[in-house]
Amino acid sequence: MFTEIVRGLKTTFTSMFEKPVTIQYPDVKRPVHRRFKGRHRLERYDNGLEKCIGCALCAAACPADAIFVESSENTNDERYSPGERYASTYEINMLRCIFCGYCEDACPTEAIVLGDNYELSFTDRRSTIYPKEMLIVPVPDGSLPTPQQVKPGEFDRSIPVMQDPD
């Protein structure tokens, strides 16, 4: 019995002199792994148009049924995304989301991305539903915000033609 007490005290004394691994969280953010799946965001093209075309494949792939997508038609006077449609309503219920990444895999235009933000907090159930305005990234510098007015026939594909597909 005495040897067990001595071994326990030895473990305690050796760990007392080791450097602590505590991170001061609000001031210092811990880096995440490359494949970490955090808060969702909707991406844009460099010209300011939204990548989401409202196809709702992300909602179909979601096992938790956390995504709701409603699409509308694009016009040349009001263009939100390339192609025929855009997501007029895009909502994610973060209480239901299990951060599996299936929505990211299902998206044909790579519009939905699970980022590296892990700071999610809610005060009520209504604030757990993230609308499109909370998810979409800001317009890049030098680009026009959506909706844009474009020339007829300028955007007839939902995915732009790649110049150098290497």
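Look above for the structure.
Residues numbered from 1 in each chain as written. Predicted model: local features only at pLDDT ≥ 70, side-chain atom pairs only at ≥ 80, totals over all residues. Heavy atoms only, no water.

Peer 1: Hey, could you run me through the nonpolar core in this one?
Peer 2: General note: in soluble globular proteins, nonpolar side chains tend to be found buried as a group. If you look at the biggest cluster of nonpolar residues, it comprises 21 residues, and the most contacted ones within it are Leu42, Ile67, Val69, Tyr90, Ile92 and Ile112. Mapped onto this core, the elements with two or more residues apiece are helix H2 (57-61), strand E2 (67-73), strand E3 (85-93) and strand E4 (112-114). Per-element tally for this core: the top contributor is E3, with three residues. Setting aside residues up to four positions removed in sequence, Ile67 forms contacts with Cys58, Ala59, Cys62, Tyr90, Glu91, Ile92 and Cys103. (Core = buried A, V, L, I, M, F, W, Y, C linked by side-chain atoms within 4.5 Å. Buried < 20%, exposed > 50% of the residue type's maximum accessible area, 1.4 Å probe, protein only. Helix = DSSP H or I, 4+ residues; strand = E, 2+ residues; numbered from the N terminus. Contact = heavy atoms within 4.5 Å.)

Peer 1: For this particular structure, what's the right way to read the packing of aromatic side chains?
Peer 2: Aromatic rings considered in pairs are described by the distance between their centres and by the relative angle of their planes. Summed over the entire model, instances satisfying the criterion amount to three aromatic pairs. With 4.1 Å between their ring centres and 20° between their planes, Tyr80 and Tyr86 make a pair best called stacked. A relative accessible area of 16% means that Tyr80 is categorised as buried. Taking the relative accessible area as the measure of exposure, Tyr86 reaches 10% and is therefore buried. (Phe/Tyr/Trp six-rings, centres within 6.5 Å; stacked < 30°, edge-to-face > 60°.)

Peer 1: Even after reading the chapter, I still don't get unusual backbone geometry, so can you show me in this structure?
Peer 2: The bulk of non-glycine residues show a negative phi, and the bulk of peptide bonds are trans. Thr146 connects to Pro147 through a cis peptide bond whose omega is 0°. Locating Pro147 in the fold gives a position in the segment after helix H4 (132-135). The backbone phi angle of Asp65 is positive, close to 55°, even though this residue is not glycine. Considering the arrangement of structural elements, one finds Asp65 in the loop between H2 and E2.

Peer 1: Explain the pairing of E3 here, please?
Peer 2: Two faces, one strand: in a regular strand the side chains alternate between the faces of the sheet. Two elements, E2 and E3, share seven bridges in a ladder whose sense is antiparallel. Bridging from a neighbouring strand, Val69 pairs with Tyr90 of E3. Pairing of E3 with strand E5 (residues 129-130) involves two bridges; the strand directions are antiparallel. If you follow Ile92 over to E5, its bridge partner there is Tyr130. (Pairing = 2+ DSSP bridges.)

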